[in-house]
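Chain residues, written in single-letter form:
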Amino acid sequence: VHTGHSSGEQALALIEAAREAGCDRIVVTHAQFDVVGMTVPQMKKAAAMGAKMELCALGMLTGPDAPLEFLRHSARVEVTETAAAIKAVGARHFVLGTDLGQSGNPTPPDGLHMFVAALAAQGVTRDEIEAMGAEVPGVVVDVMRGGYVCSATSKGKSTAQDVLDVAQGRKPLDKLFSRNQRA
């Protein structure tokens, strides 16, 4: 299960519901992006519940001086903050991603290279980078074949029970999302 663009608090509720439903492979999508805004204490709680947090290279390219205009409304994710979160929570609780592919941004491979170099410059070790970039994602993906991925922002009113009801088929999925989000 991926949490989509849910807030930090919503992501914790989704993790709880997924765990109650028997899911043991859970990823918090874009954990540091402002749309999610997960704090380090929330990351620690998510990690204690067995979830992994996705860290994305795109975060370095957002903010008021972003190269692409549509990314200027989002807060920049400083690499120093990312490195601090890795040190505080532990590398084995993260997966590296890029969220790149937009015209005008670096390619995903180039963006990942930039991200890894920036993390290394902040003291993230090669072993930590390999764990987040290969080992942890390998475990998550291998067990998630046929899994359910949702990359959308929930209504903001969903409870852990709502998500559990959807996961167990007692409610339709669209009940978690607004009409505009389903469009």
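What you see is a predicted model; the values in this text were computed from it and never measured. (Residues numbered from 1 in each chain as written. Predicted model: local features only at pLDDT ≥ 70, side-chain atom pairs only at ≥ 80, totals over all residues. Heavy atoms only, no water.)

Student: Before we move on, can you summarise the overall build of the protein with the specific residues and values?
Tutor: Of the regular secondary structure elements, the protein holds 7 helices and 3 strands. Ordered by position from N to C terminus, the α and β elements of the protein give α-β-α-β-α-β-α-α-α-α. Burial statistics for the protein: of 183 residues in total, 45% are counted as buried. Across the protein, the fraction of contacts at a sequence separation of at least 24, relative to all contacts at a separation of at least 6, is 68%. Accessible area of the protein: about 9400 Å², with a carbon and sulfur share of 54%. (Helix = DSSP H or I, 4+ residues; strand = E, 2+ residues; numbered from the N terminus. Buried < 20%, exposed > 50% of the residue type's maximum accessible area, 1.4 Å probe, protein only. Contact = heavy atoms within 4.5 Å. Areas by Shrake-Rupley, 256 points an atom, 1.4 Å probe, with all protein chains shown as cover.)

Student: Residue-level account of the environment of Arg-92, with values.
Tutor: By secondary structure assignment, the location of Arg-92 is in the loop between helix H3 (79–89) and strand E3 (94–97). When the C-alpha positions of Arg-92 and Glu-128 are compared, they lie 7.6 Å apart, and in sequence the two are 36 residues distant. Arg-92 has contacts with Lys-52, Ala-131, Glu-135 and Val-136, leaving out every residue within four places of it along the chain.

Student: Hey, could you go over unusual backbone geometry for me, with residue numbers and the actual values?
Tutor: In this structure, His-30 is a non-glycine residue whose phi angle is positive, near 50°. Along the chain, the position of His-30 falls in the loop between strand E1 (27–28) and helix H2 (40–48). With a relative accessible area of 5%, His-30 lands in the buried category. Its identity as a non-glycine residue notwithstanding, Asp-99 has a phi of 60°, on the positive side. Locating Asp-99 in the fold gives a position in the loop between E3 and helix H4 (108–121).

Student: Account for the sheet that holds strand E2 (residues 52–56), with residues named and values stated.
Tutor: The strand order E1-E2-E3 describes an open sheet built from 3 strands, whose pairing is parallel. Each edge of the open sheet is held by one strand with a lone partner, namely E1 and E3. Inspection of the sheet shows E1 paired to E2 by 2 bridges, in the parallel sense. Residue pairing in the sheet places Val-28 in a bridge with Met-53 of E2. (Pairing = 2+ DSSP bridges.)

Student: Explain the side chain of Gln-32 to me, using residue names and the numbers behind them.
Tutor: Tracing the chain through its elements places Gln-32 in the loop between E1 and H2. A polar contact of 2.7 Å, which involves the side chain of Gln-32, links it to the side chain of Thr-82. (Polar contact = N/O pair within 3.5 Å; in protein donor to acceptor, adjacent residues only side chain to side chain.)

Student: Describe the confidence of the model for the protein, listing the residues and the values that go with them.
Tutor: When pLDDT is averaged along the protein, the result is 82, and 76% of the positions lie at 70 or above. Per-residue pLDDT stays below 50 along residues 143–155; that stretch engages in 34 contacts with residues further than four places along the chain or on separate chains. (pLDDT = per-residue confidence, 0-100.)

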